[in-house]
Structure formats: structure tokens, C-alpha cells
Amino acid sequence: MKILHVIPSLSPKLGGPTQAVLHLSKNLQNCDVDVQILTTNDNTDQLLDVPLLKTTLYKGVKVTFLPRTLRAKEFIYARALNQWHQQNLSSFDVVHTHYIFSYLSSWTARAARRRKIPYLMRPLGQLTPWALSQSALKKRLYRNILENKNLQAANTIHCTSPGEADDVSKLGFQTPKLCLPLGVELPNLDRSQARAQLKKQYHLKDAPILLFLSRLHLKKRPELLLKAVQHWRQRDLHVNLLIAGSGEPTYEKQLRNQVKELEINDLVTFTGFVDGADKECLLQGSDLFMLPSYSENFGIAVAEALAAGTPVAITPEVQTSPWIEKADAGWIVPGNLDMWVKTLEPILQRPQILLEKGLAGRKLAAETFSWSKIAQELASSYSKLVS
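Residues numbered from 1 in each chain as written. Predicted model: local features only at pLDDT ≥ 70, side-chain atom pairs only at ≥ 80, totals over all residues. Heavy atoms only, no water.

Draft legend 1. Quick peek at the sheet that holds strand β11 (residues 156-159). In space, the eight strands of this open sheet follow the order β5-β6-β2-β1-β9-β10-β11-β12, with mixed pairing throughout. The two strands at the open ends of the sheet, each matched to only one other strand, are β5 (55-58) and β12 (177-179). Within the sheet, the average angular offset between the axes of one strand and its neighbour, ignoring direction, is 25°. Direction of pairing for strand β1 (residues 2-9) relative to strand β9 (residues 94-98): parallel, over a ladder of four bridges. Across the sheet, residue Val-6 finds its bridge partner in β9, namely Thr-97. Its contacts with the sheet put helix α1 (residues 16-29) on β1, β2 (34-40), β5, β6 (61-66), β9 and β10 (119-122), and the angle it makes with β1 is roughly 170°. In this fold helix α15 (residues 371-386) packs onto β1, β9, β10, β11 and β12, with an angle of close to 130° to the strand it touches most, β9. (Pairing = 2+ DSSP bridges. Helix = DSSP H or I, 4+ residues; strand = E, 2+ residues; numbered from the N terminus. Axes fitted to C-alpha atoms, helices over the stretch in contact; angles between N-to-C directions. Contact = heavy atoms within 4.5 Å.)

Written out as C-alpha cells, the structure reads:
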């Protein structure tokens, strides 16, 4: 089988979604699937330094990078796409798009539909009520003109959680759905050394280490965590909050100003964008991972924290929450400040509970979020489409 994955950007700055496509493709290769990714050289406010308009090996996967012509938020336009379709698209057995409301994925789904090539669409959280409420008029027009037709005619809509599948069904799409989560690699654990390294590197106090690791965006609600830290300080509970990630410069500045206004500069550290060993050190060295997001179709960083043995505190709108609740691997906290402060305050003073929940999370990641198992199931779905 020859499979084409399509995603508007592989920029590391965009976090989990781009890394998930790379990991998924690598593991599909282990299932004897011929995988190629089509994307652009987008790197948010910059461009990736990669070969263009030819297939190249990028992080162990065959990738074709088209030159980005225009970036308007997530709508990344590449003028070269139509010509690439004419020359290459018909050579693939299945097309699998990731993300909607963006030129590369939308127009490739349309092209596959017209050429009668089987295709799957992964909405990547863009059909949740919260996501559809953002720029609502533009998205409604876009759906009516193009995306609804793509979704209705798709062979499968790939949802990464039961909650996302429910969101899609509520919109009236009768398209078959494949509910298949994303995966994580299980790292070798050395949590005590990671914690010591964090304390030294960031000059942390002898207090619980809390981690927010995600793209800095208002959807993720890091502001709530800043206010929680202030409340805990007023109650003589000191913590270290590490905010790892990057975002729009104006939003980052807004967060830093809020830290000053709340007078918690000594308790909050902005690490900037992290990857590789630095990211793994943050995940393993922290006592609790926190994501009070308004909406997440999966939340790959949540699964990475579980794999690192770190328990999580998330809102119900993070759609990995049913798995975490069932496995008793963390806390599902309604998205208001009072509940976060009251729920987590006693927990932060009981390290044994954090340890026990972390072990449960590690087990959950091993049994449910295994890339090899996910790739095998997806390869089987591809085979059924081809046959």
C-alpha cells in the first residue's frame, strides 16, 4: 500500500499534532506500509530549511515540502499544490489528511474525492463546539463551500477520542468513523535525576514542580494556572510553575506581564519552546502536569506526561479525560479557578498520591497509547479501504 499523509505544517513550534504525524508514519513503516507526507516548509513566523518540491528523508520519513506562499493563521496556502496533485496524487492508494480549514488538507481531500481515491480525514479538534465558535462566520462559510462535502464523502473520519466522534456525529455527518487515539513512546524513567536537573537549571525552590507544556494559546488557559499559583501563595503553599512552550509574541508578553502583576515572578518560570531531551526532563522531573484547556480533541502532551510517570490535572474538555478517569491517573477538574485551587491544594501536599497516580498513568500509556498497536490498527483500516 502507498499512503499519503497530508498536513499543512510540520513545524516543531506547533507541538503535538505535527510530531504525531511523524511518529504515526514511522510506526506505519514498521507495518510494511509505504508512507509519504505532503506538507509545506512553514515554520510559523519563519520557513523550514528543507529541500522543496522533491521527496526527501526527514526525521526518518519520506516527506515532500511545498513552498509556503501565504500564511493566514492556520490557513497555509501553497501555490504549487495543484500541479503536485496532477503529477503525483493518483499514484497513492489512500490519502489521509490531518487538520481541516486549511488549504493543503482541504484541497487534497477535494482532489482525492474527484479522483475517487479512498481518503480519511482527521479533523484534529476543529469540529468541537469551542473550535467552531472561533471565527464562526468564516468557518461556516468554509464548511458550506468545501469542507462539508469533503467530510460527507470521506471513506472515514479519523477521531482520536470518543468525545471527538460524538462532536462529529452531532454535526450530522453520517460518514463512518474510526476512533483511534494517538500514541506516545515510553521513555526509560529516571525521575529523581530529572527533578534534580530541573531544580538546578531553573533555580527552583524546594516545593512541588508543576508543569504546563503546550503551545501558548488562549485556548489552553495558562492564565488560570497563574491565578492559582497566586492563591496558593496567599495560603502559604509555595509551588514552582514551569510554563514550557511558545506562541504569538503579543500573547507571551501578556502572560509575562500577568506574572508581574500577580507578584509571582519567583514562582513562575518561562522555559520557552523545548524539545528532545529537555522536554523529556521537564516531563519526568515535574510532580504534576496541568492543562486547563477549553478544548482538546486529544492532547498529545497529556499522553506524554502519563508515559513519563507524571500524573495530570486537566479539564473535562480535554478528550483524553475518560481514559484518565477510568485509569485513576489524574484529576479531571471543571474549568474554573475556584475548583482548581480547592481540588489540587491538598493533593500538592501529599507526594505519595502523586506518585501512585503517576504509576497508573504510565500503565495507561503503555496499554492504550502504544504507537505500534495504533499503527497496526490503522494499517488494517487502510487495507480494507484498498480492497
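After that view, the rundown keeps rolling.
Draft legend 2. Structural context of the layout of surface pockets. Looking at the second largest pocket, its volume works out to about 400 Å³. Among the secondary structure elements, those contributing two or more residues to the lining of the second largest pocket are α1, α10 (276-285) and α11 (300-307). The biggest single contributor to the lining of the second largest pocket is α1, with six residues. Here the residues of the lining of the second largest pocket are counted per class, giving eight nonpolar, five polar and seven charged. (1 Å grid on protein atoms, 1.4 Å probe; cavity = no way out; pocket = protein on both sides within 12 Å on 5 of 7 lines; lining within 4 Å. Points joined across faces, edges and corners; volume = space filled by probe spheres on them. Nonpolar A, V, L, I, M, F, W, Y, C, P; charged D, E, K, R; others polar.)

Draft legend 3. Representation of helix α2 (residues 81-88) within the structure. If you check which residues of α2 are buried, you get Leu-81, Trp-84 and His-85. Down the axis of α2, the buried side of the element spans an arc of 105°, and every buried residue falls inside it. Residues of α2 that are exposed and point more than 90 degrees away from the buried face comprise Gln-86 and Gln-87. Looking at the buried positions of α2, the neighbouring elements they touch are β1, β2, β6 and α3 (103-115). (Buried < 20%, exposed > 50% of the residue type's maximum accessible area, 1.4 Å probe, protein only. Arc of directions from axis to C-beta.)

Draft legend 4. Local environment of a nonpolar patch on the surface. Together, Leu-137, Leu-141 and Ile-145 line one region of the surface with nonpolar side chains, adding up to about 330 Å² of accessible area. When you line up the elements, Ile-145 lands in helix α5 (residues 136-153). (Patch = residues over 30% accessible without salt bridge, like charges linked within 9 Å, V, L, I, M, F, W, Y side chains within 5 Å. Areas by Shrake-Rupley, 256 points an atom, 1.4 Å probe, with all protein chains shown as cover. Salt bridge = Lys/Arg side-chain N within 4 Å of Asp/Glu carboxyl O.)

Draft legend 5. Focus on the environment of Val-386. Relative to the helices and strands, Val-386 resides in helix α15. By relative accessible area, which is 40% here, Val-386 ends up partly exposed. Sequence separation between Val-386 and Val-6 is 380 residues; the distance between their C-alpha atoms is 18 Å. Sequence-distant contacts of Val-386, that is, excluding residues within four places in its chain, are made with Met-1, Asp-93 and Val-94.

Draft legend 6. Focus on the nonpolar core. Leu-28, Leu-213, Leu-226, Trp-232, Leu-282, Leu-288 and Phe-289 are the most contacted members of the largest nonpolar core, which has 83 residues in total. Top contributing element to this core by residue count: α11, with seven residues. (Core = buried A, V, L, I, M, F, W, Y, C linked by side-chain atoms within 4.5 Å.)

Draft legend 7. Quick peek at the sheet that holds strand β17 (residues 312-314). A sheet is described by the order of its strands in space; here six strands give the open sequence β15-β14-β13-β16-β17-β18, paired in parallel fashion. At either end of the open sheet lies a strand with only one pairing partner, and these are β15 (268-272) and β18 (330-332). Averaged over all adjacent pairs, the angle separating strand axes in this sheet is 20°, with direction ignored. In the sheet, strand β13 (residues 209-213) pairs with strand β14 (residues 240-244) via five bridges, with the strands oriented parallel. Bridge pairing in β14 links Phe-212 to Ile-243. Packing of α10 onto the sheet brings it into contact with β13, β14, β15 and β16 (288-291), and relative to β13 it is tilted by some 135°.

Draft legend 8. Up close: the pattern of salt bridges. Following the criterion strictly, the structure yields 14 salt bridges and no others. Note that Asp-287 and Arg-195 form a salt bridge whose closest N and O atoms lie 2.6 Å from each other. Within this pair, whereas Asp-287 is found in the loop between α10 and β16, its partner Arg-195 is found in helix α7 (residues 191-202), the two being separated by 92 residues in sequence. Relative accessible area serves as the criterion here: at 18%, Asp-287 is assigned to the buried category. In this structure Arg-195 comes out as partly exposed when scored by relative accessible area, which is 22%. Two residues, Arg-233 and Asp-266, come together in a salt bridge whose shortest N-O distance is 2.5 Å. Placement of the pair is Arg-233 in helix α8 (residues 222-234) and Asp-266 in the loop between α9 (249-261) and β15, with a sequence separation of 33 residues. Under the relative-accessibility criterion, Asp-266 is labelled partly exposed at 40%. Each member of the salt-bridge network shares a partner with another, and the members are Asp-42, Arg-68 and Arg-71.

Draft legend 9. Layout of the side chain of His-96. Relative to the helices and strands, His-96 resides in strand β9. Overall, the relative accessible area of 0% leaves His-96 in the buried class. With near-sequence residues (within four places) excluded, His-96 lies in contact with Leu-4, His-5, Val-6, Leu-120, Arg-122, His-158, Leu-378 and Tyr-382.

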